[in-house]
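Understanding the architecture of this molecule
In case you want the letters, here they are:
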Amino acid sequence: MRYRTSVLLASALLAGCAVQQPAPTPAPYVPAALVNPPPKPVDVPPDPLATLPPDVRTAILSGQPQALHKGIVTLFPYDPYSQPLINCQVLRVTEIDFAPDEKVSAEGIGIGDAERWAVQPAGNRVLVKPKDPGIATDMIVATSKRSYHVALRTRAPYMPQASFYYPDDIQAAEAVRAVALRKAAQQAADPIPSKPLSFAYHIEGPQYAWRPVQVFSDDSHIYVQLPNNLTGSDLPVLYVQDNGHNSLTNYQVKGSYLVSDRLFKRAVLTSGTGSNRETINIAAE
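Residues numbered from 1 in each chain as written. Predicted model: local features only at pLDDT ≥ 70, side-chain atom pairs only at ≥ 80, totals over all residues. Heavy atoms only, no water.

Here we look at the overall build of the protein
When its secondary structure is counted, the protein shows four helices and 19 strands. When burial is assessed residue by residue, the protein has 33% of its 285 residues classed as buried. Partitioning the intrachain contacts of the protein with sequence separation of at least 6 by distance along the chain shows that 60% fall at a separation of at least 24. As displayed, the protein offers around 17,800 Å² of accessible surface, 56% of which is attributable to carbon and sulfur atoms. (Helix = DSSP H or I, 4+ residues; strand = E, 2+ residues; numbered from the N terminus. Buried < 20%, exposed > 50% of the residue type's maximum accessible area, 1.4 Å probe, protein only. Contact = heavy atoms within 4.5 Å. Areas by Shrake-Rupley, 256 points an atom, 1.4 Å probe, with all protein chains shown as cover.)

If you want it as structure tokens, here you go:
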């Protein structure tokens with residue numbers, strides 16, 4: 001009898017040891033993009049050198065830009081401290097072109113010898129025509145964007161058209177692009193820091209179709225997760241309770257989440273009006 005009792009006791013102990021412990025409750029699922037949204041991509045401007053003619057690009061990259069000749073056009077590097085010399089010819093017109101985004105008016109042109117030189121503005125251009133041979137003067141053109149100082153003379157070789165390229169502007173744009181590229185590379189290399197989340201919120205109320213699934217917060221927002229099958233017209237309104245009074249709060253709707261821009265201890269979700277009004281209470285534990 002004693003032997004049988006011992007066997008039964010041992011079998012019971014072994015059976016108890018074989019019982020598995022309950023598995024821990026899995027952590028609630030939270031979309032990473034909701035609480036840790038990726039930063040706005042850095043806007044990298046296009047390379048300003050890429051669209052330039054090869055000779056202009058080479059001149060700028062050399063660090064010593066000079067006048068360039070392309071057919072009938074003489075291209076001068078714009079420098080507010082220099083005075084390009086333009087050769088003109090009697091009975092011929094010289095066209096001086098400025099940047100496409102500049103405008104020239106008659107009031108913005110000043111010329112030293114207005115008697116023997118004819119000057120006419122036309123959009124972003126100035127047309128110059130000498131009346132006598134062997135003369136020279138200077139001219140200032142204040143456009144809508146820049147001021148140009150040029151020297152004019154009647155001498156060979158005749159320049160039918162003069163224009164400008166802008167090394168300083170290109171270099172400034174290149175510097176802005178270089179900063180943007182460094183920021184973009186740093187953004188790609190740095191991982192997005194994760195935020196600690198708190199799920200210590202209690203939901204009180206009937207099992208309405210829109211009852212929240214869960215409520216949680218980080219250090220700056222509270223997230224109310226609603227059922228996925230709700231439409232825009234079915235979404236409840238979120239009120240924050242302060243001293244027993246309900247007040248609207250700023251929040252965004254992101255998919256099935258209401259994201260409050262402020263932290264709160266108590267809040268109320270409501271849907272409907274009058275006798276059809278439905279209410280759910282949320283309280284921090």
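Back to the text.
Observations concerning the sheet that holds strand β18 (residues 266-271)
In spatial order, the strands read β11-β19-β18-β14-β15; together these five strands make up an open sheet with antiparallel pairing. Both outer strands of the open sheet, β11 (201-204) and β15 (245-248), are each paired with one neighbouring strand and no more. Looking at each pair of strands side by side, their axes are set apart by 30° on average, direction ignored. Sheet topology note: the strand β14 (residues 237-242)/β15 ladder contains four bridges and is antiparallel. Within β15, the position partnered with Asp242 by the bridge is His245. (Pairing = 2+ DSSP bridges. Axes fitted to C-alpha atoms, helices over the stretch in contact; angles between N-to-C directions.)

Description of the environment of Val213
The topology assignment puts Val213 in the loop between β11 and β12 (214-217). Accessibility expressed as a relative area gives 51% for Val213, which makes it exposed. Placed 44 residues apart in sequence, Val213 and Tyr257 show a C-alpha to C-alpha distance of 9.9 Å. Residues within four places of Val213 in sequence aside, it is in contact with Ile203, Gln225, Leu226 and Pro227.

Overview of unusual backbone geometry
The omega torsion across Ala156 and Pro157 is -5°, close enough to zero to call that bond cis. Relative to the assigned elements, Pro157 resides in the loop between β9 (147-154) and β10 (161-165).

Quick look at the nonpolar core
Residues Ile86, Phe98, Met139, Leu152 and Phe164 are the most contacted members of the largest nonpolar core, which totals 22 residues. Those elements that place two or more of their residues in this core are β3 (85-88), β7 (125-130), β8 (136-142), β9 and β10. No other element matches β9, which puts three residues into this core. Apart from the residues within four sequence positions on either side, Phe98 is in contact with Val104, Asn124, Arg125, Val126, Val141, Thr143, Tyr148, Phe164 and Tyr166. In terms of nonpolar packing, the next biggest core, distinct from the first, is built from 16 residues, Tyr201, Leu226, Leu258 and Ile282 among them. (Core = buried A, V, L, I, M, F, W, Y, C linked by side-chain atoms within 4.5 Å.)

Considerations on helix α4 (residues 167-189)
With 23 residues, α4 extends 33 Å between its outermost C-alpha atoms, agreeing within 8% with the 33 Å of an ideal straight helix rising 1.5 Å per residue. Within the sequence span of α4, burial applies to Pro167, Ile170 and Ala180. In this structure, the buried side of α4 is in contact with α3 (54-62), β2 (73-77) and β10. (Expected span 1.5 Å × (residues − 1).)

With respect to the pattern of salt bridges
If you walk through the whole model with that rule in mind, you get seven salt bridges. Among the salt bridges present, the one from Arg146 reaches Glu102, with a minimum N-O distance of 2.8 Å. Here Arg146, found in the loop between β8 and β9, pairs with Glu102, found in the loop between β4 (94-97) and β5 (109-111); they are 44 residues apart in sequence, far enough to count as distant. Each member of the pair, Arg146 together with Glu102, is buried. One salt bridge in this structure joins Arg262 and Asp242, with 3.6 Å as the shortest N-O distance. Of this pair, Arg262 sits in the loop between β17 (257-260) and β18 while Asp242 is found in strand β14, placing the two residues 20 residues apart along the sequence. Here Arg262 falls in the partly exposed class, since its relative accessible area comes to 33%. Bridged by salt links that share partners, the residues Glu102, Arg146 and Asp169 form one connected network. (Salt bridge = Lys/Arg side-chain N within 4 Å of Asp/Glu carboxyl O.)

A short note on the sheet that holds strand β16 (residues 251-254)
Spatially, β12-β13-β17-β16 is the arrangement adopted by the four strands of the open sheet, whose pairing is antiparallel. Two strands lie at the open edges of the sheet, namely β12 and β16, each paired on one side alone. Strand-to-strand twist in this sheet, taken as the mean axis angle between neighbours without regard to direction, amounts to 20°. Strand direction decides the pairing type here: β12 and strand β13 (residues 222-225), joined by four bridges, are antiparallel. Bridging from a neighbouring strand, Phe216 pairs with Tyr223 of β13.

A word on the side chain of Ser217
You can see Ser217 is positioned in strand β12. Residue classification places Ser217 among the buried residues on the basis of a relative accessible area of 6%. A distance of 2.9 Å separates a polar atom in the side chain of Ser217 from a polar atom in the side chain of Tyr201. Not counting the four nearest positions on each side in its chain, Ser217 is found in contact with Pro196, Leu197, Ser198, Tyr201, Ile222, Tyr223 and Leu263. (Polar contact = N/O pair within 3.5 Å; in protein donor to acceptor, adjacent residues only side chain to side chain.)

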